[in-house]
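Observations on chain architecture
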Amino acid sequence: QVQLVESGGGLVQPGGSLRLSCAASGSIFSIYTMGWYRQAPGKQRELVADIRSNGRTNYADSVKGRFTISRDNAKNTVYLQMNSLKFEDTAVYYCNAAIRTITHPSVNNYWGQGTQVTVSS
């Protein structure tokens, strides 16, 4: 019913930048909070940043001042601009969205398939 498709991951040198995108599609009635999580090898999945439908944002302390989350409601898309990347930013990045579908009144969390970000020299 709903799909989240991520793009934009890859290999980058320390200090470099990447921009992730995540587009939601399907039987969408409304999208509430959208966010990005990441999971490094051997570690738990953690919140990187999220953004509410009114534009209010929230960031993990480790990325404040370096990452910027934004969304385009007309395109059902959320972005993550990542600057000044560090080795410790290496992880699989997952998109998440709280969505109410046309066919069901409840709000459910949906996940993308993940995109690898590797910071290496």
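Preceding this paragraph is the structure being described.
Residues numbered from 1 in each chain as written. Predicted model: local features only at pLDDT ≥ 70, side-chain atom pairs only at ≥ 80, totals over all residues. Heavy atoms only, no water.

Taking every second residue as pointing to the same face, the buried face of strand 11 (residues 115-119) carries T115, V117 and V119, while none of Q116 and T118 on the other face is buried. Looking at chain direction, strand 9 (residues 91-101) and strand 11 are connected through three bridges and run antiparallel. Bridge pairing links A91 to V117 in strand 11. (Buried < 20%, exposed > 50% of the residue type's maximum accessible area, 1.4 Å probe, protein only. Helix = DSSP H or I, 4+ residues; strand = E, 2+ residues; numbered from the N terminus. Pairing = 2+ DSSP bridges.)

Turning next to the pairing of strand 7 (residues 67-72). Side-chain alternation along strand 7 places F67, I69 and R71 on a buried face and T68, S70 and D72 on a face that remains uncovered. Here strand 7 pairs with strand 8 (residues 77-82) via six bridges, running antiparallel. Residue pairing across strands places T68 opposite Q81, the latter belonging to strand 8. Two successive antiparallel strands, strand 7 and strand 8, enclose a turn made up of four residues, where N76 displays a positive phi of approximately 55°.

The next subject is the pattern of salt bridges. By the definition in use, this model includes four salt bridges. For E46, the salt bridge identified is with R38, shortest N-O distance 2.7 Å. Residue E46 is classed as partly exposed on the basis of its relative accessible area, which comes to 36%. For R38, a relative accessible area of 6% gives the class buried. Note that D89 is salt-bridged to R38, the shortest N-O span being 2.9 Å. One end of the pair, D89, is in the loop between strand 8 and strand 9; the other, R38, is in strand 4 (residues 28-39), with 51 residues separating them in the sequence. Linked by salt bridges that have partners in common, R38, E46, R66 and D89 make up one network. (Salt bridge = Lys/Arg side-chain N within 4 Å of Asp/Glu carboxyl O.)

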